[in-house]
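# An overview of the molecular structure
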Amino acid sequence: FIGLNNLEDLSLWNIHLNAISPSSFQHLKNLIWLRLHHNLLREITSNMFKGLLKLENLDLSDNMIISISNGSFDELISLSRLYLSHNQLKSLNSGIFSQLSNLEELALGSNELQTLSSGIFTELSNLKYLYLNSNGLKTLGPGTFSKLSNLEILDLGSNELQTLSSGIFNELSNLIYLSLDSNRLKSLDFNSFSGLNLLNTIYLSGNIIEIIDCAFQ
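A quick note: this is a predicted structure, and the numbers were derived from the prediction, not measured.

### A closer look at the packing of aromatic side chains
- Applying the stated rule across the entire model yields 8 aromatic pairs.
- Seen in terms of ring centroids, Phe 73 and Phe 97 are 6.4 Å apart; in terms of plane orientation they differ by 5°. Their pairing is stacked. In this pair, Phe 73 is assigned in the loop between strand 5 (67-68) and strand 6 (81-83) and Phe 97 in the loop between strand 6 and strand 7 (105-107), connecting sequence segments 24 residues apart. The pair Phe 73 / Phe 97 is uniform in exposure class, with both members buried.
- With a centroid separation of 6.0 Å and an interplanar angle of 25°, the aromatic rings of Phe 145 and Phe 169 are classed as stacked. Placement of Phe 145 in the loop between strand 8 (129-131) and strand 9 (153-155) and of Phe 169 in the loop between strand 9 and strand 10 (177-179) is noted, with a sequence separation of 24 residues between them.
- Since its relative accessible area comes to 2%, Phe 145 is described here as buried.
- What makes Phe 169 buried here is its relative accessible area of 0%.
- Aromatic rings pair up to connect Phe 1, Phe 25, Phe 49, Phe 73, Phe 97 and Phe 121 into one cluster.
- Directly above the ring of Trp 33 sits Arg 35, whose terminal nitrogen or CZ lies 4.0 Å from the centroid.

Pasting the structure below:
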């Protein structure tokens, strides 16, 4: 891509792409949109997106991604939207999103995630939309959503959650939409939804809730 200094939008989706060499995009200094969805990529490596300092939108959905190396996104300091849904991710390294302070939307739905590292989203202080639906999440540890005070939409539907840690959402002061449908929740207690003062929509259908203990006070 040498010489394409003014390129702002690059579409490489649905071309059976299975690998990208390091620094392949380093000369695209003004790129804003990079579409790599519907390909055969299996791993995201460090330096794959080297030089893309102005990139705002990155679509990696509908690939076969099983791993993302530490530092893969570190140069994407302008990134606003990151789409990683419909891949085969089973885990995410702690700190993988640590440089994405401008990120507003993160889509991780339809992967194979069973757990999330505590504080994995901590640096995403501007995040507004987080999609974790259709994974295999069994638990959400304390601090999973810490410092996400700007989050407005959180989708946790179609997972395998059986319980909610007390106060798990209490830092989500701007949340307006929460989906927990189609999990395995059996009960809701007093602190299940504490701190969600702006919440106007919650989905709990498709669970096996037998006990509600003052959860909506």
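### With respect to unusual backbone geometry
- A positive phi angle, near 65°, is found at Ser 23, a position not held by glycine.
- Note that Ser 23 resides in the loop between strand 1 (9-11) and strand 2 (33-35).
- Positive phi outside glycine occurs at His 86, with the angle close to 60°.
- Residue position: His 86 is located in the loop between strand 6 and strand 7.

### Section: the pattern of salt bridges
- The final tally for this structure, using the stated rule, is 4 salt bridges.
- With a shortest N-O distance of 3.9 Å, Glu 105 and Arg 81 are connected by a salt bridge. Residue Glu 105 is located in strand 7, and its partner Arg 81 is located in strand 6; the two are separated by 24 residues in the primary sequence.
- Residue Arg 81 is classed as partly exposed on the basis of its relative accessible area, which comes to 32%.

### A closer look at the nonpolar core
- Core analysis: the biggest nonpolar cluster contains 60 residues, and Phe 49, Phe 73, Phe 97, Phe 121, Phe 145 and Phe 169 have the highest contact counts within it.
- Residues in contact with Phe 121, not counting those within four places in the same chain, are Phe 97, Leu 106, Leu 108, Leu 116, Leu 130, Leu 132, Thr 144, Phe 145 and Leu 148.

### Some details on the side chain of Ser 85
- Tracing the sequence through the fold places Ser 85 in the loop between strand 6 and strand 7.
- If we skip the residues at most four places from it in the chain, Ser 85 touches Ser 61, Asp 62, Ala 107, Leu 108, Gly 109, Ser 110 and Asn 111.

Rules used throughout
- Residues numbered from 1 in each chain as written.
- Predicted model: local features only at pLDDT ≥ 70, side-chain atom pairs only at ≥ 80, totals over all residues.
- Heavy atoms only, no water.
- Phe/Tyr/Trp six-rings, centres within 6.5 Å; stacked < 30°, edge-to-face > 60°.
- Helix = DSSP H or I, 4+ residues; strand = E, 2+ residues; numbered from the N terminus.
- Buried < 20%, exposed > 50% of the residue type's maximum accessible area, 1.4 Å probe, protein only.
- Lys NZ or Arg CZ within 6 Å of the ring centre and 35° of its normal.
- Salt bridge = Lys/Arg side-chain N within 4 Å of Asp/Glu carboxyl O.
- Core = buried A, V, L, I, M, F, W, Y, C linked by side-chain atoms within 4.5 Å.
- Contact = heavy atoms within 4.5 Å.

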